[in-house]
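# Reading the structure
So you can see what is in the structure, the chains are spelled out below.
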Amino acid sequence: MTATDTTPLIKLEAISKIFYTDDVETHALSNVSFDIRSGDYVSISGPSGSGKSTLLAILGLLDAPSKGSYLLQGRSIEGIGASERAQIRNDSIGFIFQAFNLIGDLTVLENVELPLIYREGVSKSERRALAEAALDRVRMTHRLKHYPAQLSGGQQQRVAVARALVGQPSILLADEPTGNLDSRNGEQVMLLLDELHRSGATICMVTHDPRYAGFAQRQIFMFDGQIVDEATMERLREEEDRRIRNLVAVHPRVRA
Ligand code: ADP
Ligand code: MG
């Protein structure tokens, strides 16, 4: 194996993120380190407010850490300018959001073509062919001319997955991709991600649902801006449950 074969796709070292709002300092991430290798399927779970979306935004170059180092394909992303950052994001990263984030006045096909418009050397006809191929992978070619509002939530998320895939990114980042879906549609999206992973996609997915975290090869647990191991997570969850049960016992009208 050469040196490049062993270079992780993503390497985070001692990442911290502090948000300053008015007089409040929020330590959203403290000293987070981990690697993602090409072909990995990693899930990040943890309670609301534990820093999952902040971490994903940093991974996806939507936000910068306050401290720590981030290497993407062996290259430091520290201090790079906004336009280069946008370029790397467009070339290397595919996003899937909880709220789908499709553009309402573009058709399904146009939404999926969009990331390729900023690519040099992709002709109109190539763009169309690539978008159709991506929509075929998510089984949405029967709705090319539809608008997002004419689709179910599950279908919209499949189109959003096609949009994330179309530029052949090095990694798919998904933030609660099933959060706005009922369980049947949620499962379908999870099965789709699983299928993409089996065919070689690298995925990092945030979820608050432990059943879905189990789809991943590797699970990362977050609590209070830090990565904790599974046993610690279980203990913290139980403590939290106990705290809520006590609260209910003291205040009979409070329902957890
Ligand atoms: P999660 O996705 O796990 O629910 P987040 O990463 O969204 O958690 O948030 C982690 C913490 O950082 C929370 O306390 C949240 O209120 C805070 N936070 C997130 N984004 C911002 C922001 N833009 N400005 C200020 N505080 C923020
Ligand atoms: Mg979140």
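The following paragraphs examine the structure supplied in this document. (Residues numbered from 1 in each chain as written. Chains lettered and ligands numbered in written order. Predicted model: local features only at pLDDT ≥ 70, side-chain atom pairs only at ≥ 80, totals over all residues.)

### A word on the overall build of the protein chain
Secondary structure assignment for the protein chain yields 9 helices and 10 strands. Computed over the C-alpha atoms, the radius of gyration of the protein chain is 20 Å, within 12% of the 18 Å expected from 2.2 N^0.38 for a compact globule of 256 residues. In terms of overall dimensions, the protein chain has C-alpha extents of about 65 × 45 × 45 Å along its principal axes. The buried share of the protein chain, taken over its 256 residues, is 34%. Excluding contacts between residues fewer than 6 apart, the proportion of contacts in the protein chain whose partners are at least 24 apart in sequence is 70%. (Helix = DSSP H or I, 4+ residues; strand = E, 2+ residues; numbered from the N terminus. Rg over C-alpha atoms; globule rule 2.2 N^0.38 Å. Buried ≥ 20, exposed ≤ 12 C-beta atoms within 10 Å, placed from the backbone. Contact = placed C-beta atoms within 7 Å.)

### A look at the packing of helix H4 (residues 108-117) against helix H6 (residues 153-165)
Viewed as axis vectors pointing N to C, H4 and H6 meet at an angle of 30°, and their least axial separation amounts to 7 Å. Viewed along their axes, H4 and H6 adopt a mutual orientation that is roughly parallel. Our pair here, H4 against H6, has a crossing hand that is right-handed. Between H4 and H6, the residues in contact are Val-108, Asn-111, Val-112, Leu-114 and Pro-115 and Val-159, Ala-162 and Arg-163, respectively. Looking at the contact of H4 with H6 residue by residue, the class counts come to 6 nonpolar, 1 polar and 1 charged. (Axes fitted to C-alpha atoms, helices over the stretch in contact; angles between N-to-C directions. Parallel < 35°, antiparallel > 145°, perpendicular 65-115°, else oblique. Left-handed = near helix turned anticlockwise from the far one by under 90°. Nonpolar A, V, L, I, M, F, W, Y, C, P; charged D, E, K, R; others polar.)

### Considerations on the nonpolar core
Residues Val-112, Ala-162, Leu-173, Ile-203 and Cys-204 are the most contacted members of the largest nonpolar core, which totals 60 residues. Here this core takes 6 residues from H6, the largest share from any one element. Filtering out sequence-adjacent residues up to four positions away, Ile-203 remains in contact with Tyr-41, Leu-172, Ala-174, Leu-193, Leu-196 and His-197. (Core = buried A, V, L, I, M, F, W, Y, C linked by C-beta atoms within 7 Å.)

### Re the sheet that holds strand E10 (residues 226-228)
Two modes of strand pairing occur in sheets, parallel and antiparallel, and in both the strands are linked by backbone hydrogen bonds. The strand order across the open sheet formed by 6 strands is E6-E7-E8-E3-E9-E10, and the pairing between neighbours is mixed. If you trace the sheet from one side to the other, it starts and ends with strand E6 (93-96) and E10, each paired once. Recorded for the sheet is a direction-independent mean angle of 25° between the axes of neighbouring strands. As judged from the 4 bridges shared by strand E7 (residues 171-175) and strand E8 (residues 203-206), these two strands associate in the parallel manner. Counterpart to Asp-175 in the pairing with E8 is Val-206. H6 contacts E6 and E7 of the sheet and is inclined by roughly 170° relative to E6. (Pairing = 2+ DSSP bridges.)

### Quick word on the pairing of strand E3 (residues 41-45)
Burial runs high along E3: 5 of the 5 residues are buried. Side chains Tyr-41, Ser-43 and Ser-45 project from E3 onto one buried face, and the interleaved Val-42 and Ile-44 project onto a second face that is buried too. Two elements, E3 and strand E9 (residues 218-223), share 4 bridges in a ladder whose sense is parallel. Counterpart to Ser-43 in the pairing with E9 is Gln-219.

### Regarding helix H5 (residues 124-137)
Look at H5: 20 Å from first C-alpha to last across 14 residues, which is about the 20 Å you get at 1.5 Å a residue. When H5 is considered as a whole, its buried residues turn out to be Leu-130, Ala-131, Ala-134 and Leu-135. The buried residues of H5 occupy an angular sector of 135° when projected down its axis, which confines them to one face. Along H5, the residues that are exposed and aim more than 90 degrees away from the buried face are Ser-125, Glu-126, Ala-129 and Asp-136. Residues of H5 that are buried in the fold lie against H4 and H6. Within two residues after H5, Arg-139 carries a phi angle of roughly 55°, on the positive side. (Expected span 1.5 Å × (residues − 1). Arc of directions from axis to C-beta.)

### Examining the site of ligand 1
Lining the immediate surroundings of ligand 1 are Phe-19, Thr-21, Thr-26, Ala-28, Gly-46, Ser-48, Gly-49, Ser-50, Gly-51, Lys-52, Ser-53 and Thr-54. Mapped by element, the contributors of at least two residues to the shell around ligand 1 are strand E1 (10-21), strand E2 (24-36) and helix H2 (52-59). (Near = placed C-beta within 6 Å.)

### With respect to the environment of Asp-182
Tracing the backbone shows Asp-182 in the loop between E7 and helix H7 (183-198). Separated by 29 residues in the primary sequence, Asp-182 and Gly-153 place their C-alpha atoms 8.7 Å from one another.

### A short note on the sheet that holds E1
Strand order in the open sheet formed by 4 strands is E2-E1-E4-E5, with antiparallel pairing between adjacent strands. The open sheet has two edge strands with one neighbour each: E2 and strand E5 (75-76). In this sheet, E2 lies alongside E1 in antiparallel orientation, the contact comprising 9 bridges. The partner of Lys-17 across the bridge, within E2, is Leu-29.

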